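Coordinate inspection notes
For reference, the chains in residue letters:
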Amino acid sequence: MAQIVWFENYQPADAPVLGGKNASLGTMLGAGMPVPPGFAVSADCYRKALADGGLAGQIDALVAAVDPRDPGSVAVAGERARALIASLQVPADLAGAIRAAYARLCARCGDDDVPVAVRSSATCEDQPDASFAGEHDTYLWVRGADEVVAHVLRCWGSLFTDRGIAYRLERGYGQHGAAMSVGVQQMVRPRAAGVAFTLNPLNGDRSQIAIDASWGFGEAVVGGEVTPDNFLVDKVMGTITRRTISAKTLEYRLADSGAVIAAEVEASRQSVPCLTDDEILAVARLARRAEKHYRCPQDVEWALDGPDVLLLQSRPETVWSRRPKPAAACTADPITSMVQTLLHPSHGAPEGGC
C-alpha cells in the first residue's frame, strides 16, 4: 500500500485512493499548470487505521442509524464519529512516512518549517454530479511535522461533519464506502484570491468566465463571508465585459502569531479593485486552461502570489452542467459554427450533422 503519493508522481490509477481534490491537483500539475508542490496521504491509510483501531464497524453503525430528515440525528452521529476518530493514534509507520514527506517538502521549498495547507480529499467528492465543496475541513498555515500529523487526523474526522454526512445522504452516496485522503501542500501568502467559473453561474452562458476575488486568502470568498469583486471575461475575445467592485470588509490574513485569522479590511482598501485588468485576464486564462484540459466547465480556486496566479483547485461545475443541453441548431453560418466549436470543444459535431 502506497501511504504517500506526491502530486508530481500522480497516475490515474491513484484516483480511487486520493479523492477528487488530490487527484485534481496531481492531474493539473502533470498538465504543466502552476500548482504549489505537495503530497497526499492515501485513503487506504484512513481505512487501515480505523480497521486496526476497531472503529470501522462502530462508525458504520452510527451513520446507518441516522434519520436524514432529522438534523439532530445527523449531529449526534457526526459528533460521536468525530470523537471516535480523534481518539485514534496515527499508526507509527504512517506518522513516520508523513514526517519524512514533510521534511522532503521543506527541503524542496528551502524552509525548515514550511507552512502548508492540510486539505481533506474524500473519495466521493468533486464528482461531475456533486462537488462536496466546503463539506470537509481544510487547515491553513500548518507548520512542523508533528502538527501536520495531528491535522491529518483532524481531516479524517471531518469526513463526518454534519454537512458531509447530510450531503452524502442527500446525494445518495453510500456512507460505508466513503474514505478520506489528505493533501499536504505548500502554502502561498496571496495578496488576493478567489474562485473562477468557466461559465456564467447566473445563467449558464459558456461564452463567459466569471471571477470572484477578494483580499487575502480565498477562504472568505469560498465560504461566502465577503461580497467579492466580480468580473466577467469573454472567452473568445479575451476582454473584460463587466466589473463589479464591492465593499470587501473581511479578509483572511496571517497574524503575527502565525495563525490565519479573519480580520477587518482597512477602509482605504475596501472599495478598491483587488485585481488589475492584467491579473483578471491572467486568472481567466488559467481557468480556461483547466477547462480545456478537463473538457468540461470548471469551478476553479486560485491565488495571486506576487506576479503569479497559482491554481489551488479545479473541480467540475455541477449546477448548469447537469442540465439537459438543447439540441444543436443547424446553421449555414461558418463564423457561428466556428465560434460554437471554440466555446464548446468537448461537444464535438452534433449527431447526424446539419
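Above this text is the structure in question.
Overview of the structure. Bear in mind that the values here come from a model prediction, so they are computed numbers and not experimental data. (Residues numbered from 1 in each chain as written. Predicted model: local features only at pLDDT ≥ 70, side-chain atom pairs only at ≥ 80, totals over all residues. Heavy atoms only, no water.)

The next thing to look at is the overall build of the chain. Of regular secondary structure, the chain possesses eleven helices and 13 strands. The buried share among the 354 residues of the chain stands at 51%. Of the contacts formed within the chain by residues at least 6 apart in sequence, a portion of 68% connects residues at least 24 apart. (Helix = DSSP H or I, 4+ residues; strand = E, 2+ residues; numbered from the N terminus. Buried < 20%, exposed > 50% of the residue type's maximum accessible area, 1.4 Å probe, protein only. Contact = heavy atoms within 4.5 Å.)

Glancing now at empty space enclosed by the protein. Evaluation of the coordinates by the stated rule reveals one cavity of 30 Å³ or more. Taken together, 18 residues make up the lining of the largest cavity; nearest its centre are Arg119, Phe217, Gly218, Glu219 and Leu312. Those elements that place two or more of their residues in the lining of the largest cavity are β3 (116–122), β5 (180–186), β6 (192–197), α8 (219–222) and β12 (298–305). Looking at the lining of the largest cavity element by element, the count peaks at three residues for β12. For the lining of the largest cavity, the per-class residue count stands at eleven nonpolar, four polar and three charged. (1 Å grid on protein atoms, 1.4 Å probe; cavity = no way out; pocket = protein on both sides within 12 Å on 5 of 7 lines; lining within 4 Å. Points joined across faces, edges and corners; volume = space filled by probe spheres on them. Nonpolar A, V, L, I, M, F, W, Y, C, P; charged D, E, K, R; others polar.)

This brings us to the sheet that holds β3. Sheet architecture is open: five strands sit in the order β1-β2-β5-β3-β4, paired in antiparallel fashion. Single-partner strands in this sheet number two, and they are β1 (4–6) and β4 (138–142). Strand-to-strand twist across the sheet, computed as the mean angle between neighbouring axes with direction ignored, equals 20°. Bridge analysis of β3 against β4 gives three bridges, and the strand direction is antiparallel. Among the inter-strand pairings, Arg119 is bridged to a residue of β4, identified as Thr138. (Pairing = 2+ DSSP bridges. Axes fitted to C-alpha atoms, helices over the stretch in contact; angles between N-to-C directions.)

Between helix α3 (residues 56–64) and helix α4 (residues 71–86), whose axes approach to 9 Å, the crossing angle comes to 170°. One way to sum up the angle between α3 and α4 is to call them roughly antiparallel. Mapping the contact onto sequence places Gln58, Ile59 and Leu62 in α3 and Ala77, Arg80, Ala81, Leu84 and Ile85 in α4. The class makeup of the residues in the contact of α3 with α4 is six nonpolar, one polar and one charged. (Parallel < 35°, antiparallel > 145°, perpendicular 65-115°, else oblique.)

The next thing to look at is the sheet that holds strand β8 (residues 229–234). Read across the open sheet, the six strands follow the order β9-β8-β7-β6-β12-β13; overall the sheet is antiparallel. Across the chains shown, the open sheet's two edge strands, defined by having one partner strand only, are β9 (240–244) and β13 (308–316). Taken pair by pair, the neighbouring strands of this sheet meet at an average axis angle of 20°, ignoring direction. Relative to β9, β8 is paired through four bridges, and the arrangement is antiparallel. Looking at the pairing, Val233 lines up with Ile240 of β9. In this fold helix α10 (residues 277–294) packs onto β6, β7 (208–215), β8, β9, β12 and β13, with an angle of close to 40° to the strand it touches most, β13.

Grouped together as the largest cluster of nonpolar side chains are 47 residues, with contacts concentrated most on Tyr46, Val116, Trp156 and Phe160. Those residues in contact with Val116 that lie beyond four places of it in its chain are Tyr102, Leu105, Tyr139, Leu140, Trp141, Val142, Val148, Val184, Gln185, Gln186 and Met187. Phe7, Trp215, Phe231 and Leu304 belong to the second-largest nonpolar core, a separate cluster that totals 35 residues. (Core = buried A, V, L, I, M, F, W, Y, C linked by side-chain atoms within 4.5 Å.)

Moving on: the packing of aromatic side chains. The final tally for this structure, using the stated rule, is three aromatic pairs. Measuring from centroid to centroid gives 6.2 Å for Trp141 and Phe217, while their planes differ by 75°, and the two rings are edge-to-face. One end of the pair, Trp141, is in strand β4; the other, Phe217, is in the loop between β7 and α8, and 76 residues separate them in sequence. Exposure class is identical for Trp141 and Phe217. Each is buried. Taking NZ or CZ as reference, Arg104 lies 4.2 Å from the ring centre of Trp6, over its face. The ring centre of Phe160 lies 5.6 Å from the NZ or CZ of Arg168, which sits over that ring. (Phe/Tyr/Trp six-rings, centres within 6.5 Å; stacked < 30°, edge-to-face > 60°. Lys NZ or Arg CZ within 6 Å of the ring centre and 35° of its normal.)

Applying the stated rule across the entire model yields 20 salt bridges. The salt bridge partner of Arg191 is Glu279, with a shortest N-O separation of 2.6 Å. Of this pair, Arg191 sits in the loop between β5 and β6 while Glu279 sits in helix α10, and the two are 88 residues apart along the sequence. Arg191 gets classed as partly exposed once you look at its relative accessible area, which sits at 37%. Judged by relative accessible area, Glu279 falls into the buried class, the value being 16%. One continuous salt-bridge network, built from bridges that share partners, spans Glu251, Arg253, Glu266 and Arg269. (Salt bridge = Lys/Arg side-chain N within 4 Å of Asp/Glu carboxyl O.)

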